[in-house]
Amino acid sequence: MVGLAAVILDQLLTRRLLVLSGKGGVGKSVVGSALALAATRRGKRVLMVEIDTPAVAEAARYLGALPVGRKETEVLPGLFTVNLDPAQVMEEYVRHTVRFEVLARKILDNPIYHRFLAAAPGLKELMVLGKIMMLEEAKDGWSRRPRYDLVVVDAPATGHGLSFLKVPGAAAEAVPVGPVGTNARRLLALLRDPSRTALAVVAVPEEMAVVEALEFTESAAAEVGIEVVALFLNACHERRFTAAQEAEVLRLGADQARGRLADGSSLGAALVAARHHIRRRKLTQFYEKRLRQAVELPVVSLPYLFQDEIGPAAIRLLADRLEAA
Amino acid sequence: MRDRIGAPAARKLALAARERRILVVCGAGGVGKTTTAAALGLWAAMAGRRVLVCTIDPSRRLATSLGLDRLLDTPKRLDLSRLAPDSRGTLWAMMLDTKRTFDTLVERHTSGAEARRRILGNRFYQQVSSALAGSHEYMAMEKLLDLSKDERFDLVVLDTPPTRHALDFLEAPGRLMGFLDASVLRWFLKPYFVAGRLTLKVATRTGAIALSLADRFLGLQFLQDLSEFFLAFEGMYEGFKERAEKVHALLRSELAGFVLVASPVRFTLDEALYFHRRLRDSAMPFVGLVVNRVHPDPTRSQPTDRGPRAQLAADLDARLAQVLEDQRRLARAERKSLARLEVDAGEPLVLVPELEADVHDLRGLREVGGLMLAEAGGGSSEGKARRPRARHGG
């Protein structure tokens, strides 16, 4: 079969903005990094945006670079990452608006400003989304060519993720006039434009992540007016034995097993491992099927990697898998 | 590792589940926080207590893990008759409705229908009562105060909302209070609309600039809504603050206990460690650090066999060796991280091995509870009796 993943990839990478959402811990930034890498392999200039991510978990790390923080930094040829800090984005906005440094400083140094910023509803989200829109629209100095061909956004976990995407709509409603309202409406138009923006959801083959992915898909369409275009099922346990071999593994009870394998390891231990794998493999299959039945969307499966920390080799492998199939 | 260190940690956590009034379950997103909260609640119920598990998770995961389609804003009693026919304990579950809790709070703290109507009808309030940063966390704490006095329950297990940083739960209420604090209003909004009259006579020059900026960027209507909101809240602030302080005191007392949850992924371990330090520094009662889904090392339960070479086809032999090697490597990497965490935290960990099946019903939760606490002895006879097949946790 001509890779399903490659076809979906073609579709996703023609957009300008790719927003990834999903339950916490499912590997959004891992999948995002792999997608970004796959896009650069097609000659695109890509920016991967994270929001307020702790340095230890920044995508730059997955790509083999040091955490980059708040400045857009090229971590691989053609691949930039940035970790937006909402407070910093807001500060930039205040400076840009006030223009006089002394005045800006006065506002920024005021403790009330910080308290307001810390709790004002949706303000951070609006600022961050606004910044993402600016990055999407950014042009290079004199060539006037878009600075990035693709912006990949690692959105906050679902639950919070949907409220993140709801903010422009709420702001457009609450602030009918003035630049804030105008920008909120422009943002909403960008997010809802399927030729420019794609929303994808990441899950793992587990009940809660799958339920959440399905709920998110439904409510993104119903409450924000954005259609999810693809689902990524990360950490899939893929078949490693033929059907006949699986049957044999299950027939050979681990408790009774005696003897060694060719490499000297215990057959009993290997059978325990194999049975564990088969269980997980079956669960993976079950949830793949369930997702496919629940939504008429492409579902791209990515393999489970036996690592407790993801590095560049793992991201390359996932990018390969996205391209091939 | 489990046998050596698991027991005292499990005992401490079991004791807390048996004796405390409140357990607050915290951790980074995706570590199994909700499952842990539900499993702890079920375990305590099977040990004879009357337990309420409360979630504020906007994505309804507690319902899924309890095998229900939906949870309501009021406690719903679960049927334990098949799991524990003889148990005196009961298990209840509910999902907090942030907006409704906020409304109730407003009703409690305002005198007179007019004031109430003014707040509840305010457009800004309607937009923010569920979206204000920290309002989920604040309302959870607020609800906790009521629930801790509810005669129907011996124990309330609170599942905290998913946050990128586990610490948000402790800090968010403070941020909300900071926002509602009257001084924000005095600084730049209140003078603007006192008595509904537009005046630019604000107290400070910076305030005036901020105000004219706000006007230019946000528009008059929005500022009016906002200003009304603050004016209406001014009278309630003291009441809010008083209750926030009560909750804070409650959470510091011996009635409460914090359960930290992590997974063997490095990033979540770092989060747990950081949170643990914060609890210790602020003298909050810590009762356990649970690490979920630890991958078992298959060679631990099946010691190397010196027997003869097994009679297997070469291909199967090679694949078996590879599968074993993958799992062993992962298990060893995790054990290393866990050993380091244990040293850094100075606390024994409660390790829960990954199960072969997905946990999303009462039976699964009972299995998790058993794995988490059975070693502690006593308690739930059920949890003790049923040793899972998949128990090869090293």
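This structure is a prediction, so every number in the text was calculated from the model and none was measured.

## Let's talk about the overall build of chain A
When you go through chain A residue by residue, the secondary structure sums to 13 helices and eight strands. If one aligns the C-alpha atoms of chain A with their principal axes, the spans along those axes are about 80 × 40 × 40 Å. Residue burial in chain A is summarised as follows: out of 325 residues, 50% are buried. Taking the intrachain contacts of chain A between residues at least 6 apart in sequence as the baseline, contacts between residues at least 24 apart amount to 70%.

## Some thoughts on the overall build of chain B
Helix and strand content of chain B: 17 helices and eight strands. In chain B, 77% of the contacts between residues at least 6 apart in sequence involve partners at least 24 apart.

## As for helix 4 (residues 86-98) of chain A
Counting along an α-helix, one turn takes 3.6 residues, and residues three or four places apart therefore face a common direction. Between the first and last C-alpha of helix 4 of chain A there are 18 Å, a value that for 13 residues agrees with the 18 Å anticipated at 1.5 Å per step. Residue Arg-99 of chain A follows helix 4 of chain A closely and has a positive phi angle near 70°.

## A word on the sheet that holds strand 3 (residues 73-76) of chain A
Residues and elements named next belong to chain A. Strand order in the open sheet formed by eight strands is 3-4-2-5-1-6-7-8, and the pairing between neighbours is mixed. If you trace the sheet from one side to the other, it starts and ends with strand 3 and strand 8 (299-303), each paired once. Averaged over all neighbouring strand pairs, the angle between strand axes comes to 25°, with direction disregarded. Inspection of the sheet shows strand 3 paired to strand 4 (residues 79-84) by three bridges, in the antiparallel sense. When the sheet's bridge partners are listed, Glu-74 is paired in strand 4 with Phe-80. Helix 10 (residues 207-224) contacts strand 1 (17-21), strand 6 (197-203) and strand 7 (228-236) of the sheet and is inclined by roughly 160° relative to strand 6.

## As for the sheet that holds strand 6 (residues 256-262) of chain B
Sheet architecture is open: eight strands sit in the order 3-4-2-5-1-6-7-8 (chain B), paired in mixed fashion. The outermost strands of the open sheet, each flanked by one partner alone, are strand 3 (76-77) and strand 8 (350-353) of chain B.

## Remarks on the nonpolar core
In terms of nonpolar packing, the biggest core is built from 187 residues, with Leu-18, Val-152, Ala-200 and Leu-233 of chain A together with Leu-23, Val-157 and Val-259 of chain B touching the most fellow members. A per-element tally of this core places helix 2 (residues 33-46) of chain B first, with nine residues. Lining this core are residues from two domains, each supplying at least three of them: domain 1 (49-118 + 133-156 + 376-394) and domain 2 (194-235) of chain B. With residues up to four places along the chain from it excluded, the contact list for Ala-200 of chain A reads Leu-12, Leu-18, Leu-20, Val-228, Val-229, Ala-230, Leu-231 and Phe-232 of chain A. Within the second largest apolar cluster, 16 residues are counted, among which are Val-249, Ala-269 and Ala-273 of chain A together with Leu-316 of chain B.

## What about the packing of helix 4 (residues 98-109) of chain B against helix 5 (residues 113-120) of chain B?
Residue and element names in this part refer to chain B. At a closest axis distance of 9 Å, the pairing of helix 4 and helix 5 adopts a crossing angle of 150°. Between helix 4 and helix 5, the angle is such that the two are roughly antiparallel. Crossing of helix 4 over helix 5 shows right-handed handedness. Here Asp-103, Val-106 and Glu-107 of helix 4 lie close against helix 5, whose contacting residues are Arg-116, Ile-119 and Leu-120. A per-class count over the contact of helix 4 with helix 5 returns three nonpolar, no polar and three charged.

## Description of the packing of helix 13 (residues 266-281) of chain B against helix 15 (residues 314-345) of chain B
All names here are of chain B. Running from amino to carboxyl end, helix 13 crosses helix 15 at an angle of 10°, the nearest separation of the two axes being 10 Å. Looking at the two axes, helix 13 sits roughly parallel to helix 15. Across from Arg-266, Leu-269, Leu-273 and His-276 in helix 13, the residues of helix 15 making contact are Ser-337, Leu-341, Asp-344 and Ala-345. Residues that form the contact of helix 13 with helix 15 fall into these classes: four nonpolar, two polar and two charged.

## What to know about the pairing of strand 5 (residues 155-159) of chain B
All names here are of chain B. Burial analysis of strand 5 places five of its five residues in the buried class, the great majority of the element. Every second residue of strand 5 is oriented toward a common face, with Leu-155, Val-157 and Asp-159 on one face and Val-156 and Leu-158 on the other, all of them buried. With four bridges joining them, strand 1 (residues 22-27) and strand 5 adopt parallel strand pairing. Bridge pairing in strand 5 places Val-24 opposite Leu-158. Both strand 2 (residues 50-55) and strand 5 contribute to a ladder of five bridges, which runs parallel. Each bridged residue has a counterpart across the sheet, and for Cys-54 the counterpart in strand 5 is Leu-158.

## Focus: the pairing of strand 4 of chain A
Along any regular strand, the residues point their side chains to alternate faces of the sheet. Most of strand 4 of chain A sits inside the fold, with six of its six residues counted as buried. The antiparallel hairpin formed by strand 3 of chain A and strand 4 of chain A contains two residues in its connecting segment, where Gly-78 of chain A sits at a positive phi of about 80°.

## Overview of helix 2 (residues 28-41) of chain A
Relative to the 20 Å expected for 14 residues at 1.5 Å per residue, helix 2 of chain A spans 20 Å between its end C-alpha atoms, a close match to the ideal helical length. Across the 14 residues of helix 2 of chain A, 12 count as buried, placing the element largely inside the fold.

## Quick word on the environment of Leu-349 of chain B
On the secondary structure map, Leu-349 of chain B appears in the loop between helix 15 and strand 8. A sequence separation of 119 residues divides Leu-349 of chain B from Phe-230 of chain B, and the C-alpha atoms of the two residues are 46 Å apart.

## Some points on the environment of Thr-55 of chain B
All names here are of chain B. Assignment of secondary structure puts Thr-55 in strand 2. Between the C-alpha atoms of Thr-55 and Ala-38, which are 17 residues apart in sequence, the distance is 9.5 Å. Non-local contacts of Thr-55, meaning those with residues more than four positions away in its chain, are made with Thr-34, Leu-62, Met-95, Leu-96 and Asp-159.

## Quick look at unusual backbone geometry
Residues other than glycine seldom take positive phi values, yet Ala-235 of chain A does so here, at roughly 60°. Along the polypeptide, Ala-235 of chain A turns up in strand 7. According to the C-beta neighbour criterion, Ala-235 of chain A is buried, with 21 such atoms within 10 Å. For Arg-293 of chain B, which is not glycine, the phi dihedral falls at a positive 60°. Residue classification places Arg-293 of chain B among the partly exposed residues on the basis of 19 C-beta atoms within 10 Å.

## Re the environment of Ala-209 of chain A
Residues and elements named next belong to chain A. Within the element layout of this structure, Ala-209 appears in helix 10. With 27 C-beta atoms counted inside 10 Å, the residue Ala-209 sits in the buried group. Leaving out residues up to four positions away in the same chain, Ala-209 has contacts with Lys-23, Val-26, Ala-203 and Val-204.

## Describing the confidence of the model for chain B
All names here are of chain B. Mean pLDDT over chain B stands at 78; residues scoring 70 or higher make up 75%. Low pLDDT, under 50, characterises residues 1-5; the stretch is placed with eight contacts to residues that sit more than four places away or in other chains. Below pLDDT 50 for its whole length, residues 377-394 participates in 43 contacts with residues either more than four positions away or in separate chains. At the level of chain-chain contacts, confidence expressed as ipTM amounts to 0.86, with global pTM at 0.85.

Thresholds applied
Residues numbered from 1 in each chain as written. Chains lettered and ligands numbered in written order. Predicted model: local features only at pLDDT ≥ 70, side-chain atom pairs only at ≥ 80, totals over all residues. Helix = DSSP H or I, 4+ residues; strand = E, 2+ residues; numbered from the N terminus. Buried ≥ 20, exposed ≤ 12 C-beta atoms within 10 Å, placed from the backbone. Contact = placed C-beta atoms within 7 Å. Expected span 1.5 Å × (residues − 1). Pairing = 2+ DSSP bridges. Axes fitted to C-alpha atoms, helices over the stretch in contact; angles between N-to-C directions. Core = buried A, V, L, I, M, F, W, Y, C linked by C-beta atoms within 7 Å. Domains from an automatic or database assignment. Parallel < 35°, antiparallel > 145°, perpendicular 65-115°, else oblique. Left-handed = near helix turned anticlockwise from the far one by under 90°. Nonpolar A, V, L, I, M, F, W, Y, C, P; charged D, E, K, R; others polar. pLDDT = per-residue confidence, 0-100.

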